[in-house]
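Spelled out from the first residue to the last, the chains are:
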Amino acid sequence: MADTKQVDETADAKQAAKAERKAARLAKQISSFAKQHGGAEGQIAYIGERGARIVLVGDDGGWGDLVAPSVAIAELAVGKAGITVHETFDGEFAAKVKTGPYEWTRMAGIQVGGPKNG
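Attention here is on the structure that accompanies the text.

Criteria and cut-off values
- Residues numbered from 1 in each chain as written.
- Predicted model: local features only at pLDDT ≥ 70, side-chain atom pairs only at ≥ 80, totals over all residues.
- Heavy atoms only, no water.
- Helix = DSSP H or I, 4+ residues; strand = E, 2+ residues; numbered from the N terminus.
- Areas by Shrake-Rupley, 256 points an atom, 1.4 Å probe, with all protein chains shown as cover.
- Salt bridge = Lys/Arg side-chain N within 4 Å of Asp/Glu carboxyl O.
- Buried < 20%, exposed > 50% of the residue type's maximum accessible area, 1.4 Å probe, protein only.
- Core = buried A, V, L, I, M, F, W, Y, C linked by side-chain atoms within 4.5 Å.
- Contact = heavy atoms within 4.5 Å.
- Pairing = 2+ DSSP bridges.
- Axes fitted to C-alpha atoms, helices over the stretch in contact; angles between N-to-C directions.

## Brief notes about the overall build of the chain
Line of reasoning, step 1. Looking only at helices and strands, the chain features four helices and four strands.
Line of reasoning, step 2. Taken from N to C terminus, the helices and strands of the chain fall in the order α-β-β-β-α-β-α-α.
Line of reasoning, step 3. Looking at the chain as shown, the accessible area adds up to about 8,100 Å², and 53% of this sits on carbon and sulfur atoms.

Here it is, written out as C-alpha cells:
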C-alpha cells in the first residue's frame, strides 16, 4: 500500500509542477500584454471542459484573451501577473474595450453597423 501512496504523491507533484509552469507561461503573456497596452485588467470565465478564458483589457482599450486549462491555473496566472481581476465583464470594465473594423467584420453582422450576413 505504501508503494501506491508514493506513486500517487509523485504523480500529484508532477501535475502540480506542470500547472505551475503553465501558470508561469500565462503570467508572462499577461505581463507582456499589459506592458504593450499601458497596463491591463482581466476577467476569468469558466468555459467547461476546455478550462477557463482570461479576457484582458489594456488601459489603451486593446483587448485579447488566453485560455487556461482550469480556473485554478487562470487564477494563479493573473495573480503572478499582478493585474486587477473583475468578477464580471460588464459596466465600466467592458466599456474600456475599443473595437475596430476587424472586430465588426468578425461579428458577422450581428451588431448594428456590421456587414450583412448573407
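Let's pick the thread back up.
## Here's the deal with the pattern of salt bridges
Line of reasoning, step 1. Inspection of every chain in the model, using the stated rule, returns three salt bridges.
Line of reasoning, step 2. Across the pair Lys96 and Glu41 runs a salt bridge whose closest N-O atoms are separated by 2.3 Å. In this pair, Lys96 is assigned in the loop between α3 (91-95) and α4 (101-106) and Glu41 in strand β1 (residues 40-46), connecting sequence segments 55 residues apart.
Line of reasoning, step 3. Accessibility expressed as a relative area gives 36% for Lys96, which makes it partly exposed.
Line of reasoning, step 4. Note that Arg53 and Asp65 form a salt bridge whose closest N and O atoms lie 2.6 Å from each other. Taken together, the residues span a long stretch of sequence, with Arg53 in strand β2 (residues 52-58) and Asp65 in strand β3 (residues 63-68) at a distance of 12 residues.

## Some remarks on the nonpolar core
Line of reasoning, step 1. Judged by nonpolar contacts, the single largest core of 17 residues is most densely connected at Ile30, Ile54 and Leu56.
Line of reasoning, step 2. Counting residues per element, the ones that place at least two in this core are α1 (2-36), β1, β2, β3 and α2 (71-81).
Line of reasoning, step 3. Broken down by element, this core gets its largest block of residues, five residues, from α1.
Line of reasoning, step 4. Other than its neighbours up to four places away in sequence, Ile30 contacts Ile54, Leu56, Leu66, Ala77, Val78, Ala81 and Ile83.

## Things to note about the pairing of β2
Line of reasoning, step 1. Within β2, six of the seven residues are buried, leaving the element largely enclosed by the surrounding structure.
Line of reasoning, step 2. Linking β1 back to β2 in an antiparallel pair, the connection comprises five residues, with Gly48 at a positive phi of about 85°.
Line of reasoning, step 3. Here six bridges tie β2 to β3, and the two strands are oriented antiparallel to one another. Residue pairing across strands places Ile54 opposite Leu66, the latter belonging to β3.

## Topic: the sheet that holds β1
Line of reasoning, step 1. Pairing within the open sheet is mixed, and its four strands lie in the order β3-β2-β1-β4. Whereas interior strands pair on both sides, the edge strands pair on one side only; in this sheet they are β3 and β4 (84-86). This sheet shows a mean twist of 30° between the axes of neighbouring strands, independent of strand direction.
Line of reasoning, step 2. Alignment of β1 against β4, held across three bridges, turns out to be parallel. Bridge pairing in β4 links Glu41 to Thr84.
Line of reasoning, step 3. Seen against the sheet, α2 touches β1, β2, β3 and β4 and runs at an angle of roughly 170° to β1.

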